[in-house]
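Geometric and topological summary
This is what each chain is made of:
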Amino acid sequence: MPIINPANITNLDNGRCDHLDVLSELYNSRVLMLNEQVTPAVCSQLIANMLVLERKDPEAPITLLVSSPGGDVYAGLGLIDVMRDLSCPVDTVGYGLVASMASVILACGRHRSAYPHTNILLHQLMTGAGMSQQTDISIVANHAASLRAKLDEMLAERMSLSADEVHELTERDCWCDVGRALELGVIDEVIGG
């Protein structure tokens, strides 16, 4: 992962640096951040940044820092599809809390790492049909089961478990410290641990 040198950040004002300057410095170092809920808007912005970085250098890796409570599965899957399709590899680094869809994004990086105090939450797909007709509830349930199977397979490709084992593991909330995440194959290494 590129190391950001604070001496290279130019617009310092009374010891404080401008937030946009910091993000610009990170971007120029090919470091992007997913540090909020996974939404279509957030994933679209990350995808746009990745595509521009790929155009600038199709071989240099991109580092995606992930600390997110999760969110929209479809937006997250779109981000993962683009990550996999880029010519430049996308490495993921977890910090803080990485939960739900964000944990799938973390697990789908080329090289996955996390800082020592990262907590990772894996669980099954959450959905609801609300006040729907019985037939619609059945349609939603079938779609959710299909989507969960797809997520189980995606995680199994990256973890040291089969899809059935992932399914069983995520039947209830599965909290992982970095040791357990390493053991399960959610990450490849602990940074500074």
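Read on for an overview of the structure. This is a predicted model, so every value here is computed, not measured.

Let us now look at the overall build of the protein. When you go through the protein residue by residue, the secondary structure sums to seven helices and nine strands. Taking all 193 residues of the protein together, the buried fraction comes to 43%. Within the protein, residue pairs in contact and separated by at least 24 positions form 67% of the contacts whose partners lie at least 6 positions apart. Surface accessibility of the protein: about 10500 Å² in total, with carbon and sulfur atoms responsible for 52%.

Our focus in this paragraph is the packing of helix H3 (residues 73-85) against helix H5 (residues 134-158). Two elements in contact, H3 and H5, have axes separated by 13 Å at closest approach and are oriented at 35 degrees. For the pair H3 and H5, the sense of crossing is left-handed. For the pair H3 and H5, the contacting residues are Val73, Tyr74, Leu77, Ile80 and Arg84 in the first and His143, Leu147, Leu151, Met154 and Glu157 in the second.

Right, let's talk about unusual backbone geometry for a bit. One non-glycine residue, Arg30, adopts positive backbone phi at about 65 degrees. When its relative accessible area of 11% is taken as the criterion, Arg30 is described as buried. A positive phi is found at Ser100, a non-glycine position, where the angle reads about 55 degrees. Checked against the element boundaries, Ser100 lands in the loop between strand E5 (90-99) and helix H4 (101-107). Residue Ser100 is classed as buried on the basis of its relative accessible area, which comes to 19%.

Okay, the pairing of E5 next. Counting buried positions along E5 gives seven out of ten residues, so the element sits mostly inside the fold. For the crossover that starts at strand E4 (residues 62-68), traverses H3 and ends in the parallel E5, the hand is right-handed. Here E5 runs beside strand E6 (residues 112-114); their pairing, made up of three bridges, is parallel. Bridge pairing in E6 places Thr92 opposite Arg112. Taking the sense of rotation as the criterion, the β-α-β connection linking E5, H4 and E6 turns out right-handed. With three bridges connecting them, E5 and strand E7 (residues 119-122) associate as parallel partners.

Taken N-terminus to C-terminus, the directions of helix H2 (residues 40-56) and H3 make an angle of 10 degrees; their axes are 9 Å apart at the nearest point. The pairing of H2 with H3 is recorded here as roughly parallel in orientation. Residues Pro40, Cys43, Leu46, Ile47, Met50 and Leu51 of H2 touch H3, and the partners they reach there are Ala75, Gly76, Gly78, Leu79, Val82 and Met83. Of the residues that constitute the contact of H2 with H3, the class distribution is ten nonpolar, two polar and no charged.

On to the pattern of salt bridges, then. In the structure shown here, the tally under the stated rule is four salt bridges. Ionic pairing is found between Arg84 and Glu157, a salt bridge with its closest N-O pair at 3.4 Å. Of the two residues, Arg84 is situated in helix H3 and Glu157 in helix H5; the sequence distance between them amounts to 73 residues. Taking relative accessible area as the criterion, Glu157 reaches 56% and is therefore assigned exposed.

The next point concerns the pairing of E7. Taken together, the three bridges between E7 and strand E8 (residues 174-176) define a ladder with antiparallel strand orientation. From the neighbouring strand, Leu122 faces E8, where its bridge partner is Cys174.

With that settled, the discussion passes to H5. An ideal rise of 1.5 Å per residue puts 36 Å on 25 residues; H5 measures up with 37 Å between its terminal C-alpha atoms. Those residues of H5 that sit buried are Ala144, Leu147, Arg148, Leu151, Asp152, Met154, Leu155 and Ala156. Those residues of H5 hidden inside the fold are in contact with H3, H4, E7 and helix H6 (163-169).

Parameters and conventions
- What you see as residue numbers is a count from 1 along each chain, following the sequence as written.
- Note on the predicted model: pLDDT of at least 70 is required for a residue's local features to be given, and 80 or more for side-chain atom pairs to be given and counted; whole-chain, interface and lining totals, by contrast, use all residues.
- The basis for the side-chain values is all heavy atoms of the structure; hydrogens and waters are excluded.
- Here a strand is any run of E in DSSP of at least two residues, a helix any run of H or I of at least four, and the numbering for each starts at the N terminus.
- Classification of residues uses two cut-offs on accessible area relative to the type maximum, computed with a 1.4 Å probe and protein chains only: under 20% is buried, over 50% is exposed, and between them is partly exposed.
- Whether two residues are in contact is decided by their heavy atoms: any pair within 4.5 Å suffices.
- Shrake-Rupley sampling with a 1.4 Å probe provides the accessible areas, and residues are treated as covered by the protein chains on show and by no other component.
- Lines fitted to C-alpha atoms define the axes, with helix axes restricted to the stretch in contact, and inter-axis angles between N-to-C directions lie between 0 and 180 degrees.
- Should the near helix be turned anticlockwise from the far one by less than a right angle, the crossing is termed left-handed; should it be turned clockwise, right-handed.
- When the strands point away from the viewer, a crossover counts as right-handed if the route from the first strand across the helix to the second turns clockwise.
- The pairing criterion for strands is at least two bridges between them, as found by DSSP.
- Reported orientations rely on four angle classes, namely roughly parallel under 35 degrees, roughly antiparallel over 145, roughly perpendicular from 65 to 115, and oblique for the rest.
- Basically, the charged four are Asp, Glu, Lys and Arg, the nonpolar ten are Ala, Val, Leu, Ile, Met, Phe, Trp, Tyr, Cys and Pro, and anything else, Gly included, counts as polar.
- Any carboxyl oxygen of Asp or Glu that lies within 4 Å of a side-chain nitrogen of Lys or Arg is treated as forming a salt bridge with it.
- Residue count minus one, scaled by 1.5 Å, sets the expected span of a helix.

In short, geometric facts, not functional conclusions.
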